[in-house]
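Chains, contacts and geometry: an overview
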Amino acid sequence: MNKQVKVRDRVFEVSLSEEKIKERVAQVAAQISNDLRDEHPLFLAVLNGSFVFAADLLRGVDIPCEITFVRMSSYAGTTSTGKVKELIGLKEDIKGRTVVVVEDIIDSGLTMKDLLATLHEKGPKEVRIASLLVKPGNLKVDLYIPYCCFNIPNDFIVGYGLDYDGEGRNLKDIYTVVEP
Ligand code: 5GP
Ligand code: MG
């Protein structure tokens, strides 16, 4: 049986080990370094969930680069197409720059869609997505994700920066909820 942990009222079991995550994050970091060697990319880490991934990813990147931290509001105004999340905290000018968005997890993809729309209004040279996890079964929008570390099933996960009701971000492995 995989290692289990209780976070608040729910039991989770390891689905991706610390070793496996480290190995894959290093591979993706090498791929980014190779692809963007002459681009001086700006990494845009989306808080809170991506802070652990961003720290490991950046230390695996061996080209000149910068990082900054932003967040998406949990909701903002509404449009004819529904609720829209807003980008908070971007101070850097991204005009003409290669930007790599660093996300913890892409589920429906709606957060990423709002973020990309906002970024594209600011005239970047290119925006690429790096996501630790993607749930392809839940994607509701068409996204090109060149730097995805792991595709996972639609189950709820915690650890390695991701939380369950605020807790569990400090877990070194990634855990999937165990249904009772
Ligand atoms: P999306 O807009 O892609 O549906 O949602 C992305 C956000 O949903 C993530 O940034 C994260 O906050 C949350 N999320 C989606 N699935 C999970 C999950 O399995 N575990 C945790 N902790 N958060 C999730
Ligand atoms: Mg996130």
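One structure accompanies this document, and this report is about it. (Residues numbered from 1 in each chain as written. Chains lettered and ligands numbered in written order. Predicted model: local features only at pLDDT ≥ 70, side-chain atom pairs only at ≥ 80, totals over all residues. Heavy atoms only, no water.)

1. Here we look at the nonpolar core
Grouped together as the largest cluster of nonpolar side chains are 30 residues, with contacts concentrated most on Leu57, Leu132 and Leu133. Setting aside its immediate chain neighbours within four residues, Leu133 contacts Leu16, Asp104, Ile105, Ile106, Phe150, Ile152, Ile157, Leu162 and Ile174. The next biggest cluster of nonpolar side chains, apart from the first, holds 22 residues, and it includes Leu44, Val101, Leu115 and Val127. (Core = buried A, V, L, I, M, F, W, Y, C linked by side-chain atoms within 4.5 Å. Buried < 20%, exposed > 50% of the residue type's maximum accessible area, 1.4 Å probe, protein only. Contact = heavy atoms within 4.5 Å.)

2. As for the coordination of the magnesium ion (ligand 2)
Taken together, Glu103 (OE) and Asp104 (OD) make up the full set of protein donors to the magnesium ion (ligand 2), lying 2.2 to 2.3 Å away. Judged by relative accessible area, Glu103 falls into the buried class, the value being 7%. Of the residues examined, Asp104 reaches a relative accessible area of 12% and is grouped as buried. (Donors = N, O, S within 2.8 Å, 3.2 Å for Na, K, Ca; no water.)

3. Digging into the layout of surface pockets
Taken as a whole, the largest pocket encloses approximately 670 Å³ of empty space. Lining the largest pocket are 25 residues, with Lys85, Glu103, Asp104, Ile105 and Thr111 positioned closest to its centre. Of all the secondary structure elements, the ones that give two or more residues to the lining of the largest pocket are strand S3 (42-47), strand S4 (66-72), strand S8 (98-106) and helix H3 (110-120). Ranked by residue count, the leading element in the lining of the largest pocket is S8, at four residues. (1 Å grid on protein atoms, 1.4 Å probe; cavity = no way out; pocket = protein on both sides within 12 Å on 5 of 7 lines; lining within 4 Å. Points joined across faces, edges and corners; volume = space filled by probe spheres on them. Helix = DSSP H or I, 4+ residues; strand = E, 2+ residues; numbered from the N terminus.)

4. Quick look at the sheet that holds strand S7 (residues 87-88)
Strand pairing in a sheet takes place through backbone hydrogen bonds and is either antiparallel or parallel in direction. Spatially, the six strands line up as an open sheet ordered S7-S4-S3-S8-S9-S10, and their pairing is mixed. Each edge of the open sheet carries a strand with a single partner, namely S7 and strand S10 (147-151). With six bridges joining them, S3 and S4 adopt parallel strand pairing. Paired with Ala45 across the two strands is Phe69, which belongs to S4. Strand contacts of helix H1 (residues 18-35): S3, strand S9 (126-134) and S10, with the helix running at about 160° to S10, the strand carrying the most contacts. Sheet strands in contact with H3 are S3, S4, S7, S8 and S9, and its direction is about 165° off that of S8. (Pairing = 2+ DSSP bridges. Axes fitted to C-alpha atoms, helices over the stretch in contact; angles between N-to-C directions.)

5. Here's the deal with the pairing of S10
Within S10, four of the five residues are buried, which leaves the element mostly enclosed by the surrounding structure. Pairing of S9 with S10 involves four bridges; the strand directions are parallel. From the neighbouring strand, Ala130 faces S10, where its bridge partner is Tyr147.

6. Section: unusual backbone geometry
Among all residues save glycine, negative phi is the norm, and among peptide bonds the norm is trans. Residue Asn48 is bonded to the preceding Leu47 through a cis peptide linkage, with omega at 0°. Positive phi outside glycine occurs at Arg8, with the angle close to 50°. Structurally, the position occupied by Arg8 is in the loop between strand S1 (4-7) and strand S2 (10-16).

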